[in-house]
Amino acid sequence: MQEVMKKRAIELLSDGTVAKVIGWMPGEFSYDMTPAVFTTAEEIESNFVYNDFCGANVSKYVMREQKKASDAKILVFLKPCDTYSFNQLTAEHKIVRENVYVIGVGCDGMADVEKIKAAGIEGITGIESDGDKFIVKTVYGDETIARADALAERCAACKSKKLTVYDEIIGEDGEVVENSGRFDLVAKLEAMSADERFEFWRNELSRCIRCNACRNVCPACTCEQCVFDNPKSGIDQKAAADSFEENMFHIIRAFHVAGRCTDCGECSRVCPQHIPLHLLNRKFIKDINELYGDYQAGDDTESKHPLTSFTYDDAEPSVIHERGNE
Amino acid sequence: MQVNEQFTPTIVAFCCNWCSYAGADLSGTNRLQYPANVKIIRVPCSCRVNPMFILRAFQRGADGVIICGCHPGDCHYTTGNYYARRRTTLLFSMLDYLGIERNRTRVEWVSAAEGAKFAATMNDFVAQITELGPNRRLEDLRCRK
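Values in this document were obtained by computation on a predicted structure and should not be read as measured data.

Of the regular secondary structure elements, chain A holds 13 helices and eight strands. Expected size for 326 residues packed as a compact globule is a radius of gyration near 20 Å; at 20 Å, chain A falls within 12% of this value. Principal-axis analysis of the C-alpha atoms places the extent of chain A at approximately 60 × 45 × 40 Å. A total of 326 residues make up chain A; the buried ones form 40% of that total. Intrachain contacts of chain A at a sequence separation of at least 6 include 68% that bridge at least 24 residues.

Quick look at the structure:
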């Protein structure tokens, strides 16, 4: 697949259809695939990578490149979950769709290198997918690990393998996954008592070092200036000084992307402290689905965003007093 | 019990200029009593209330936050409180999810003619917060009095 993608990228680059290619290249480690912008065929030939470590969502990079030069034609490779973010960005007028050539790539779920390492596999140099297992290449030779054991958590509860936007497809398009179970953990938390929930979140959020990685990677966090970068706020660019600031950062960040979050799971992937941040976003998605009807951000570029629309008979705020544990 | 008897909560009430603030005014001119520890902040519309305002209120020492606006359908700006209704529902649900007592927050629709409702709501809310005790889960230690 990687070779097909490389070949097609070089074709489109050399015939002038596009001026830039957005994809992935190896980062510091060979399992640490990082989004990259290519402008020459040589770069693509030597650096372009697509394998089961390419979990990074590259849709936000389209916005960044268009900011630099808005009329440059860009080729971007999008996995199904990236296409949702791409659509959402298009809907918010952050991406000029006409100037982007989208190649949708099929995805069977990405591997989580932490899980592979936890299984005792060291010296990782590459990975290959083989049915229900991954073949992990290491400096000590090939190792195999069951797909279920190495799959990233967000991919195990994949919401959709459907490419919602593309100009052409490499690999296979999939379907929306019904009953993905992605809200199971949220429901489990909701069933706990308030004390238990408080304990749980204190335990998680107190680890936050305010590195802002979750915000910077988030395809929904596209404000020109973030509220947390406001020097008058007293909380800009510094570690949380108090449990309140830890809570506030995450509550407000989740609230600001509520209804626009496509649940791509990048926030949790990049968190160096392994805080399950996606559980905050999923709570909002679950509430929106339950209270205002099923909504999937990024499904298309037309539908109305649940927080900028309303119905006359919406639930009253007291509805939260009527459900679950206190 | 001793602690609860001495505890007087601080309540922040965001009141919309057109209905609830006038309602509060009416309860005053009607000489209806409500506790003095309700601090009213006048906002143009209930949808002016940014989630950050609510969190900041808790940070700076509020033990409870109540948002009052026009009844749905009666908004001075036609639709403001419909948006506020969705936003506050989601935000308060999130606070509840994080284990912060759900009874510390409330939304109430109070019209300009409902002075009695305003006083009754505030009395009830203050009693509720007094029972809950001081806000410890969403406070900023540096702001503790």
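Additional details are given in the paragraphs that follow.
A word on the domain arrangement of chain A. Residue and element names in this part refer to chain A. Along its sequence, chain A is carved into domain 1 (1-110 + 152-179) and domain 2 (181-326). Once you take the C-alpha centre of each, domain 1 and domain 2 turn out to be 26 Å apart. On the domain 2 side, the residues contacting the 20 residues of domain 1 number 19 residues. Breaking the side of domain 1 that touches domain 2 down by element, the ones donating at least two residues are helix H3 (59-68) and helix H4 (80-91). Broken down by element, the residue count for the side of domain 1 that touches domain 2 peaks at eight residues, all from H4. Looking at side-chain class alone, the side of domain 1 that touches domain 2 contains six nonpolar, nine polar and five charged residues.

Residue and element names in this part refer to chain A. One can describe the packing of H3 onto H4 by two numbers: an axis separation of 8 Å at closest approach and a directional angle of 40°. Considering the angle they form, H3 stands oblique to H4. Of the residues in H4, those touching H3 at Ser-59, Val-62 and Met-63 are Asp-82, Ser-85, Phe-86 and Leu-89. Here the contact of H3 with H4 is composed, by residue class, of four nonpolar, two polar and one charged.

In this assembly, 30 residues from chain B lie in contact with 30 residues from chain A. At 14 residues, helix H4 (residues 80-97) of chain B tops the list of elements feeding residues into the side of chain B that touches chain A. Here the residues of the side of chain B that touches chain A are counted per class, giving 14 nonpolar, six polar and 10 charged.

The next point concerns the pairing of strand E2 (residues 33-38) of chain A. Residue and element names in this part refer to chain A. Across six bridges, strand E1 (residues 20-26) lies against E2 in antiparallel orientation. The residue of E2 that forms the bridge with Met-25 is Thr-34. The turn joining E1 and E2, which pair antiparallel and follow one another in sequence, is formed by six residues.

The next point concerns the nonpolar core. Ranked by internal contacts, the top residues of the largest apolar core, which has 82 residues, are Ile-11, Cys-16 and Met-94 of chain B. Residue contributions to this core peak at seven residues, all from H4 of chain B. With sequence-adjacent residues up to four places away left out, Met-94 of chain B is seen in contact with Ile-251, Ala-254, Phe-255, Lys-283 and Phe-284 of chain A. Judged by nonpolar contacts, the second largest core, of 46 residues, contains Ala-9, Trp-24, Val-100 and Val-102 of chain A.

Between two packed helices, both the angle of their axes relative to each other and the distance between the axes serve to describe the pair. It is the contact of helix H11 (residues 243-256) of chain A with helix H3 (residues 51-59) of chain B, at a shortest axis distance of 10 Å, that shows an interaxial angle of 165°. In terms of orientation, H11 of chain A and H3 of chain B fall into the roughly antiparallel class. Once H11 of chain A is placed against H3 of chain B, the crossing between them reads as right-handed. Along the contact surface, H11 of chain A presents Phe-244, Met-248, Ile-251, Ile-252 and Phe-255 of chain A, while H3 of chain B presents Pro-51, Met-52, Leu-55 and Gln-59 of chain B. Residue composition of the contact of H11 of chain A with H3 of chain B, grouped by class: eight nonpolar, one polar and no charged.

With that out of the way, let us pick up the sheet that holds strand E2 (residues 38-43) of chain B. Residue and element names in this part refer to chain B. What the four strands build is an open sheet, ordered E2-E1-E3-E4; its pairing is parallel. The open sheet has two edge strands with one neighbour each: E2 and strand E4 (105-109). Along the sheet, successive strands turn relative to each other by an average axial angle of 20°, direction set aside. As defined by bridge partners, strand E1 (residues 11-16) adjoins strand E3 (residues 64-69) across five bridges and the pair is classed as parallel. When the bridges of E3 are listed, Ile-11 appears paired with Gly-64.

Hydrogen bonds between backbone groups are what pair the strands of a sheet, and the pairing can be parallel or antiparallel. All names here are of chain A. Read across the sheet, five strands follow the order E2-E1-E3-E4-E8 without closing on themselves; strand pairing throughout is mixed. Two strands lie at the open edges of the sheet, namely E2 and strand E8 (168-170), each paired on one side alone. Taking each pair of neighbouring strands and ignoring which way they run, the sheet shows an average axis angle of 35°.

Cut-offs applied
- Residues numbered from 1 in each chain as written.
- Chains lettered and ligands numbered in written order.
- Predicted model: local features only at pLDDT ≥ 70, side-chain atom pairs only at ≥ 80, totals over all residues.
- Helix = DSSP H or I, 4+ residues; strand = E, 2+ residues; numbered from the N terminus.
- Rg over C-alpha atoms; globule rule 2.2 N^0.38 Å.
- Buried ≥ 20, exposed ≤ 12 C-beta atoms within 10 Å, placed from the backbone.
- Contact = placed C-beta atoms within 7 Å.
- Domains from an automatic or database assignment.
- Nonpolar A, V, L, I, M, F, W, Y, C, P; charged D, E, K, R; others polar.
- Axes fitted to C-alpha atoms, helices over the stretch in contact; angles between N-to-C directions.
- Parallel < 35°, antiparallel > 145°, perpendicular 65-115°, else oblique.
- Pairing = 2+ DSSP bridges.
- Core = buried A, V, L, I, M, F, W, Y, C linked by C-beta atoms within 7 Å.
- Left-handed = near helix turned anticlockwise from the far one by under 90°.

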